[in-house]
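Residue strings, one per chain:
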Amino acid sequence: MRIVVDINHPAHVHYFKHFIWEMQKRGHEFLITASEKDVSYRLLDAYGFDYIRLGNYGKSLIKKAVNLPLMDLRMCNAIKNFKPDICIGSGSIRVAHAAYLLKSTSVLLESTEHSGEQHRLYLPFVSTVLTPTCFTKDLGKKQIHFNGYKELMYLHPNYFTPNPAVLAELGLAEGDPFIIVRFVSWQASHDVGQHGIRDKVGLVKALEEYGRVLITSEGALPAELQEYQIRVSPEKLHDLLYYATLYVGEGGTTASEAAVLGTPSIYVSSLVGTMGNFIELEVTYDLLYSFTDGEAALAKAIEILQDPASKEKWRSKRERLLEDKIDVTAFMVWFIENYPSSFTEMKEHPEVQYSCAPVRGGAL
């Protein structure tokens, strides 16, 4: 099978890396396309992937709108000679458009309910959309639900083993209290008009009373916070999240990553309440807390930091989650290898996902 995988965000590298490696072992051929977003190219290089650079959509809504057909054209030109059997991405408009134009098949992962403009642009052209069972939006007859999270494609214990070496790079040791704080750029199309932590300096100074604060940021930081910014390799961030005492930030992906790793996680955004995975991680598993208000978030953070048993409690909660959720990468391998019959089987017998992707300990 000839498969295109499209990368439109650094997180997508993590989503698909184990899927690509496993499918390559099985003899399938890949072509990877990627747009420039934050450290997406750096991550692809770090993992040794060959890929075609598509450039970027721009930062403003006007530029994104103007560049949308241009990126579609670049995508078509990049993959047409490859003659793909199937094209895969995460919420990728250009994958749906290019596959449709080239008379190929497209399968998209989707977990962001409030990306309405993206849904409208790709749904008429996409073949299938895969969403978590907690996804609250009905995307129609092309939608398939799976009982997992995209973060489990790379943070499931079948694939992820934390490496404490990253701690030494930052002058830390296992057991040292430290807090990871993340600020985002708010430049994605679905982030327009939204906001997160307003008093960044105040938050960091308050958290510093309980441990070392390490900041990752998509944009420039105020001068008072630049000394806290870390330069750790992007592929090592998950190791750091695993050992962290707490995560606080505007980054939704990082918040859910921390939660599924068993690290107390606090998400601060005006988008709270719009995404099913965050609701489930909070209400069902008590692994993550969401706030629209920075002061309320800080109060919860301090409550967690003052509890010396918090990390142990979160590890136990994580075990419960892992007992419930499937190995999403194993599911993807089965779904793509058996498509389109897998689509029909999931529609008629969704419980098949538990046999092709066991919840714990199952290996591909």
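Here is what the cut-offs are and how they apply
Residues numbered from 1 in each chain as written. Predicted model: local features only at pLDDT ≥ 70, side-chain atom pairs only at ≥ 80, totals over all residues. Heavy atoms only, no water. Core = buried A, V, L, I, M, F, W, Y, C linked by side-chain atoms within 4.5 Å. Buried < 20%, exposed > 50% of the residue type's maximum accessible area, 1.4 Å probe, protein only. Helix = DSSP H or I, 4+ residues; strand = E, 2+ residues; numbered from the N terminus. Contact = heavy atoms within 4.5 Å. Pairing = 2+ DSSP bridges. Axes fitted to C-alpha atoms, helices over the stretch in contact; angles between N-to-C directions. pLDDT = per-residue confidence, 0-100. Phe/Tyr/Trp six-rings, centres within 6.5 Å; stacked < 30°, edge-to-face > 60°. Lys NZ or Arg CZ within 6 Å of the ring centre and 35° of its normal. Lys, Arg positive; Asp, Glu negative; His and termini not counted. Salt bridge = Lys/Arg side-chain N within 4 Å of Asp/Glu carboxyl O. Polar contact = N/O pair within 3.5 Å; in protein donor to acceptor, adjacent residues only side chain to side chain.

A closer look at the nonpolar core
Piece 1. In terms of nonpolar packing, the biggest core is built from 104 residues, with Phe 16, Leu 207, Leu 240, Phe 331, Phe 335 and Ile 336 touching the most fellow members.
Piece 2. With eight residues, the single largest contributor to this core is helix α14 (residues 328–337).
Piece 3. Discounting residues that sit within four places of it in the chain, Ile 336 has contacts with Met 1, Ile 3, Phe 19, Met 23, Ile 86, Ile 88 and Val 107.
Piece 4. Counting residues in hydrophobic clusters, the runner-up holds 24 residues, among them Leu 54, Ala 78, Phe 82 and Ala 96.

Observations concerning the sheet that holds strand β10 (residues 246–249)
Piece 1. Spatial strand order, β9-β8-β10-β11-β12: five strands in an open sheet with parallel pairing. Two strands lie at the open edges of the sheet, namely β9 (212–217) and β12 (288–291), each paired on one side alone. Sheet twist, expressed as the average angle between the axes of neighbouring strands with direction ignored, equals 15°.
Piece 2. With four bridges connecting them, strand β8 (residues 178–183) and β10 associate as parallel partners. Counted as the bridge partner of Arg 182 is Gly 249 from β10.
Piece 3. Helix α11 (residues 276–283) rests against β11 (265–268) and β12 of the sheet, and its axis sits at about 125° to β12.

Topic: the confidence of the model for the chain
Piece 1. Mean pLDDT over the chain works out to 92, with 95% of the residues at or above the 70 mark.
Piece 2. Confidence drops under a pLDDT of 50 for residues 186–193, and excluding neighbours within four residues, the segment shows 21 contacts in the predicted structure.

With respect to the environment of Pro 164
Piece 1. Structurally, Pro 164 can be placed in the loop between α6 (152–155) and α7 (165–169).
Piece 2. Between the C-alpha atoms of Pro 164 and Lys 236, which are 72 residues apart in sequence, the distance is 9.8 Å.

Points about the packing of aromatic side chains
By convention here, two paired aromatic rings are described through the distance between centres and the angle between planes.
Piece 1. Within the structure shown, the criterion is met by 17 aromatic pairs.
Piece 2. Look at Phe 19 and Phe 30: their rings are 6.0 Å apart centre to centre, the planes differ by 90°, and that puts the pair in the edge-to-face class. Of this pair, Phe 19 sits in helix α1 (residues 10–25) while Phe 30 is found in strand β2 (residues 29–34), placing the two residues 11 residues apart along the sequence.
Piece 3. Here Phe 331 and Trp 334 contribute two aromatic rings whose centre-to-centre distance is 6.0 Å and whose plane-to-plane angle is 40°, an arrangement assigned as tilted. One end of the pair is Phe 331 and the other is Trp 334, both in helix α14 and three residues apart, which spans about a single turn. The pair Phe 331 / Trp 334 is uniform in exposure class, with both members buried.
Piece 4. Taken together, Phe 146, Phe 331, Trp 334, Phe 335 and Tyr 339 form an aromatic cluster joined through their ring pairs.
Piece 5. Lying over the aromatic face of Tyr 289, Lys 300 brings its terminal NZ or CZ to 4.4 Å of the ring centre.

Observations concerning the sheet that holds strand β7 (residues 143–146)
Piece 1. Sheet architecture is open: seven strands sit in the order β3-β2-β1-β4-β5-β6-β7, paired in parallel fashion. In this open sheet, the two edge strands, each paired with only one partner strand, are β3 (52–53) and β7.
Piece 2. Here two bridges tie β2 to β3, and the two strands are oriented parallel to one another. Of the residues in β3, the one forming a bridge with Thr 33 is Ile 52.
Piece 3. On the sheet, helix α3 (residues 61–79) packs against β1 (2–7), β2, β3 and β4 (86–90) and is oriented at approximately 155° with respect to β2.
Piece 4. Contacting β1, β2, β4 and β5 (105–109), helix α4 (residues 93–101) crosses the sheet at an angle of about 170° to β5.

Digging into the environment of Glu 209
Piece 1. Within the fold, Glu 209 resides in the loop between α8 (200–207) and β9.
Piece 2. Between the C-alpha atoms of Glu 209 and Lys 317, which are 108 residues apart in sequence, the distance is 26 Å.

Quick notes on α4
Piece 1. Along α4, seven of the nine residues are buried, which leaves the element largely enclosed by surrounding structure.
Piece 2. Ile 93, Arg 94, Val 95, Ala 96, His 97, Ala 98 and Ala 99 are the residues of α4 that are buried.
Piece 3. Against β1, β2, α3, β4, β5 and α5 (116–122) lie the buried residues of α4.
Piece 4. Looking one or two residues past α4, Lys 103 carries a phi angle of roughly 60°, positive in sign.

Digging into the side chain of Lys 150
Piece 1. Looking at the secondary structure, you find Lys 150 in the loop between β7 and α6.
Piece 2. Glu 110 provides the closest opposite charge to the buried, unpaired Lys 150, separated from it by 5.4 Å.
Piece 3. Within the structure, the side chain of Lys 150 is placed 3.1 Å from the side chain of Ser 111, a separation counted as a polar contact.
Piece 4. With residues near it in sequence (within four places) discarded, Lys 150 still touches Tyr 15, Ser 90, Leu 109, Glu 110 and Ser 111.

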